[in-house]
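# An overview of the molecular structure
The chain contents come next:
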Amino acid sequence: SAIRDRVAHLGVEVDAIEDDEHHVFDPAPISPYGSDVPAWVALERAFHRTYGRDVIMAPMVMMGGTDSKHYVTMTDTVYRMGPRLTDAEISSVHGADESIGVDTLVDEARLFENFVALYCVD
């Protein structure tokens, strides 16, 4: 697997457990980022329009499986991200009564609206 290949030189052995409940996927490719990548620039501008200029865009590792695995064959600019959650919303993730507030939902809708306007229209 790609993970085994990436850590082999460290002398690390990796065993993946795969059964009917647990499926193993290779890590997603790293999407391009920076001031020379139009999609990244549009996403950064969308965050600033939505949340203010004090928001700093930075690459990070997205843990867990996302639907992005279905899109990586279509484009190399697949950005995996989640909503800006309050502490209370974070504590409910994947738990009983998982929910987000209306304000969070509205902010996320505005973020995507801003991104589409900046990347697909401008």
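Here's what I pulled together on the structure shown here.

About the thresholds
- Residues numbered from 1 in each chain as written.
- Predicted model: local features only at pLDDT ≥ 70, side-chain atom pairs only at ≥ 80, totals over all residues.
- Heavy atoms only, no water.
- Helix = DSSP H or I, 4+ residues; strand = E, 2+ residues; numbered from the N terminus.
- Buried < 20%, exposed > 50% of the residue type's maximum accessible area, 1.4 Å probe, protein only.
- Contact = heavy atoms within 4.5 Å.
- Areas by Shrake-Rupley, 256 points an atom, 1.4 Å probe, with all protein chains shown as cover.
- Expected span 1.5 Å × (residues − 1).
- Arc of directions from axis to C-beta.
- Axes fitted to C-alpha atoms, helices over the stretch in contact; angles between N-to-C directions.
- Parallel < 35°, antiparallel > 145°, perpendicular 65-115°, else oblique.
- Left-handed = near helix turned anticlockwise from the far one by under 90°.
- Nonpolar A, V, L, I, M, F, W, Y, C, P; charged D, E, K, R; others polar.

### Quick word on the overall build of the protein
Assigned secondary structure in the protein consists of four helices and zero strands. Reading the protein from its N end, one meets helices and strands in the order α-α-α-α. Looking at the protein as a whole, 20% of its 122 residues qualify as buried. In the protein, the share of contacts with a sequence separation of at least 24, taken over all contacts with a separation of at least 6, comes to 58%. For the protein, the accessible surface area stands at approximately 9,500 Å², while carbon and sulfur atoms represent 55% of it.

### Comments concerning helix H2 (residues 38–51)
The first and last C-alpha atoms of H2 sit 20 Å apart over 14 residues, in line with the 20 Å expected at 1.5 Å per residue. Buried residues of H2: Ala39, Trp40, Ala42, Leu43, Ala46, Phe47, His48, Thr50 and Tyr51, and no others. Its buried side turned inward, H2 meets helix H4 (102–121). Positive backbone phi, at 110°, marks Gly52, one or two positions downstream of H2.

### A few points about H4
With 20 residues, H4 ought to run about 28 Å at 1.5 Å a step, and its terminal C-alpha atoms sit 27 Å apart, in line with that. Considered for burial, the residues of H4 that qualify are Thr104, Glu108, Leu111, Asn114, Phe115 and Leu118. Down the axis of H4, the smallest arc covering the buried residues is 125°, so these residues share one side. Across from the buried face of H4, at angles greater than 90 degrees, the exposed residues are Val102, Leu105, Glu113, Cys120 and Val121.

### Side note on the packing of H2 against H4
At their nearest, the axes of H2 and H4 sit 8 Å apart, and the two run at 140° to each other. The angle between H2 and H4 falls in the class oblique. Considering only the axes of H2 and H4, their crossing is right-handed. Contact residues: Pro38, Ala39, Ala42, Leu43, Arg45, Ala46, Phe47, Arg49, Thr50 and Tyr51 in H2; Asp107, Glu108, Arg110, Leu111, Asn114, Phe115, Leu118 and Tyr119 in H4. Across the contact of H2 with H4, the residue classes tally to eleven nonpolar, two polar and five charged.

From the geometry alone we can't say anything about function, so treat these as descriptive.
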